[in-house]
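Here are the chains, one letter per residue:
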Amino acid sequence: WDHQAKFQMMSWDLGQAIGDVAWAPYSSTTFAAITSDGAAAPTSGVVHVYDLSVNRNECICEQKVVKRAKLTHVAFNSVEPILIVGDDRGGINTLKLSPNLRKR
């Protein structure tokens, strides 16, 4: 990491607005991003999980979470392999990561 760098190291284009992004506390290469399900379903939320040590260009997991709400926040649990996702209707969804997404 070079804190004096004045340019981006990497970038991703998911083709839709990003609601939130969170780095996994157990891995410096894993993060999750939440989006809508595209222009056809703007009130449908999807979680995208990336692991840069596995693939820098494509997500390793993509999961539709809600159908009638917009996702607003995502966070990793600091102890258990769980993601928590909030939406604009006050709903909270928890997602347990499969074993292949929990590498430490």
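Residues numbered from 1 in each chain as written. Predicted model: local features only at pLDDT ≥ 70, side-chain atom pairs only at ≥ 80, totals over all residues. Heavy atoms only, no water.

I keep staring at the overall build of the chain and nothing clicks. Help me out?
Along the backbone of the chain there are zero helices and seven strands. Helices and strands appear in the chain in the N-to-C order β-β-β-β-β-β-β. Looking at the 104 residues of the chain, the share that counts as buried comes to 34%. A separation threshold of at least 6 residues defines the contact pool for the chain, and within that pool the share at least 24 residues apart is 32%. For the chain, the exposed area adds up to about 7,000 Å²; of that, 49% sits on carbon and sulfur atoms. (Helix = DSSP H or I, 4+ residues; strand = E, 2+ residues; numbered from the N terminus. Buried < 20%, exposed > 50% of the residue type's maximum accessible area, 1.4 Å probe, protein only. Contact = heavy atoms within 4.5 Å. Areas by Shrake-Rupley, 256 points an atom, 1.4 Å probe, with all protein chains shown as cover.)

Explain the side chain of H48 to me, please; I cannot follow it from the model alone.
The topology assignment puts H48 in strand β3 (residues 45–51). Of the residues examined, H48 reaches a relative accessible area of 5% and is grouped as buried. Side-chain polar atoms of H48 contact the side chain of E62, separated by 3.4 Å. In contact with H48, not counting residues within four places along its chain, are L14, Q16, F31, A32, A33, T35, C59, C61 and E62. (Polar contact = N/O pair within 3.5 Å; in protein donor to acceptor, adjacent residues only side chain to side chain.)

I'm lost on the pairing of strand β6 (residues 82–87) in this one. Help?
Two faces make up the sheet, and in a regular strand the side chains alternate between them. As defined by bridge partners, strand β5 (residues 71–76) adjoins β6 across five bridges and the pair is classed as antiparallel. Bridging from a neighbouring strand, V74 pairs with V85 of β6. The turn linking β5 back onto β6 is made up of five residues. Bridge count for β6 against strand β7 (residues 92–96) is five bridges, and the pairing is antiparallel. Residue pairing in the sheet places V85 in a bridge with N93 of β7. Between the antiparallel neighbours β6 and β7 lie four residues, among them G90 with a positive phi of about 90°. (Pairing = 2+ DSSP bridges.)

Before we go on, may I ask you to explain the sheet that holds β7 in this structure?
Two strands in a sheet stick together by hydrogen bonds in their backbones, pointing the same way (parallel) or opposite ways (antiparallel). A sheet is described by the order of its strands in space; here three strands give the open sequence β5-β6-β7, paired in antiparallel fashion. Strands with a single pairing partner mark the edges of an open sheet, and in this sheet they are β5 and β7. Sheet twist, expressed as the average angle between the axes of neighbouring strands with direction ignored, equals 20°. (Axes fitted to C-alpha atoms, helices over the stretch in contact; angles between N-to-C directions.)

Just to check I follow, could you spell out a nonpolar patch on the surface for this structure?
A cluster of nonpolar side chains, F7, M9, M10 and W12, forms an exposed patch at the surface whose accessible area comes to about 440 Å². Tracing the chain through its elements places F7 in the segment before β1 (18–23). Given a relative accessible area of 60%, F7 falls into the exposed group. (Patch = residues over 30% accessible without salt bridge, like charges linked within 9 Å, V, L, I, M, F, W, Y side chains within 5 Å. Salt bridge = Lys/Arg side-chain N within 4 Å of Asp/Glu carboxyl O.)

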